[in-house]
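Single-letter residue listing:
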Amino acid sequence: MTHPAAGKGKTLTEHIRETGSPAARLIGFEVPEHGNGRALVTLHAGPQHTNPMGTLHGGILCDIADAAMGIAFASTLEPGESFTTVELKINFIRPVREAKLFAEGRVAHRGRTIGYVECNVIDENGKLVAKSNSTCLVLRGEKAAGR
């Protein structure tokens, strides 16, 4: 089932707020704050998120960083606009087993077509767990349809 995000007078952020995120439900993260080029994603990382070595799977860290950056970028879009991530990079700084994690995405640059977003993931003790950045491409018109 598709949910067109852009168009019909709504922003992508409004669409996300109304429909939620299947990925958030699957992984278990929440988005307590977002707007004005910033978003905070939280996750209670536990055994269900680990790799075979017993530490948090890197893909989970990437998911929460990607969500924080994407929601931050989405908050800069106008009705009828959408976006796609064209590049994402993450550095894993320290291993995590069980912790409350905070991924804060911030739009560092927003041009007409390209945006650059950064994210720090920290644990409940304020220790840096990962750093990430992404490049986003703004979509308009037919390119934004159904996204």
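Figured I'd write up the structure that's included with this text. Remember, predicted model here, so these are calculated numbers, not experimental data.

When a strand is regular, its side chains alternate between the sheet's two faces. On strand 5 (residues 114–123), burial follows the alternation: Gly115, Val117, Cys119, Val121 and Asp123 on one face are buried, whereas Ile114, Tyr116, Glu118, Asn120 and Ile122 on the facing-out side are not. Across 9 bridges, the pairing between strand 4 (residues 99–110) and strand 5 is antiparallel. Looking at the pairing, Gly105 lines up with Cys119 of strand 5. Counting the residues in the hairpin turn of strand 4 and strand 5 gives 3 residues. Pairing of strand 5 with strand 6 (residues 128–139) involves 9 bridges; the strand directions are antiparallel. Across the sheet, the residue bridging to Glu118 is Asn133, located in strand 6. Connecting the antiparallel pair strand 5 and strand 6 is a turn made up of 4 residues, with Gly126 showing a positive phi of about 80°.

This brings us to the nonpolar core. Judged by nonpolar contacts, the single largest core of 30 residues is most densely connected at Phe29, Leu61, Ile64, Leu101 and Val121. Counting only elements with at least two residues in this core, the list comes to helix 2 (22–27), strand 2 (38–45), helix 3 (58–74), strand 3 (82–92), strand 4, strand 5 and strand 6. The biggest single contributor to this core is helix 3, with 9 residues. Filtering out sequence-adjacent residues up to four positions away, Leu61 remains in contact with Leu56, Ile90, Phe92, Leu101, Val121 and Val129.

Okay, the sheet that holds strand 6 next. Neighbouring strands of a sheet are bound in pairs by backbone hydrogen bonds; such pairs are parallel or else antiparallel. The 6 strands lie next to each other as 1-2-4-5-6-3, forming an open sheet whose pairing is antiparallel. Looking at strand neighbours, the two that pair on one side only are strand 1 (30–35) and strand 3, the edges of this open sheet. Strand after strand, the sheet turns through a mean of 20° between neighbouring axes, direction not considered. Of the pairings in the sheet, the one linking strand 2 to strand 4 comprises 8 bridges and is antiparallel in character. Opposite Leu43, over in strand 4, you have Leu101 as the bridge partner. Together, strand 1, strand 2, strand 3, strand 4, strand 5 and strand 6 form the strand contacts of helix 3, whose direction differs from that of strand 4 by roughly 40°.

Okay, the pattern of salt bridges next. One pass over the structure, following the stated rule, counts 4 salt bridges. Taking the shortest distance from any N to any O, the salt bridge between Glu33 and Arg38 comes out at 2.9 Å. Arg38 sits in the partly exposed class, given a relative accessible area of 27%. The closest approach of N and O atoms between Glu81 and Arg140, which form a salt bridge, is 2.9 Å. With Glu81 in the loop between helix 3 and strand 3 and Arg140 in the segment after strand 6, the pair connects residues that are 59 residues apart, well separated along the chain. Three or more residues joined by partner-sharing salt bridges are found here, namely Glu33, Arg38 and Glu104.

What counts and what doesn't
- Residues numbered from 1 in each chain as written.
- Predicted model: local features only at pLDDT ≥ 70, side-chain atom pairs only at ≥ 80, totals over all residues.
- Heavy atoms only, no water.
- Buried < 20%, exposed > 50% of the residue type's maximum accessible area, 1.4 Å probe, protein only.
- Helix = DSSP H or I, 4+ residues; strand = E, 2+ residues; numbered from the N terminus.
- Pairing = 2+ DSSP bridges.
- Core = buried A, V, L, I, M, F, W, Y, C linked by side-chain atoms within 4.5 Å.
- Contact = heavy atoms within 4.5 Å.
- Axes fitted to C-alpha atoms, helices over the stretch in contact; angles between N-to-C directions.
- Salt bridge = Lys/Arg side-chain N within 4 Å of Asp/Glu carboxyl O.

Fair warning: the whole summary comes from geometry, so function is off the table for now.
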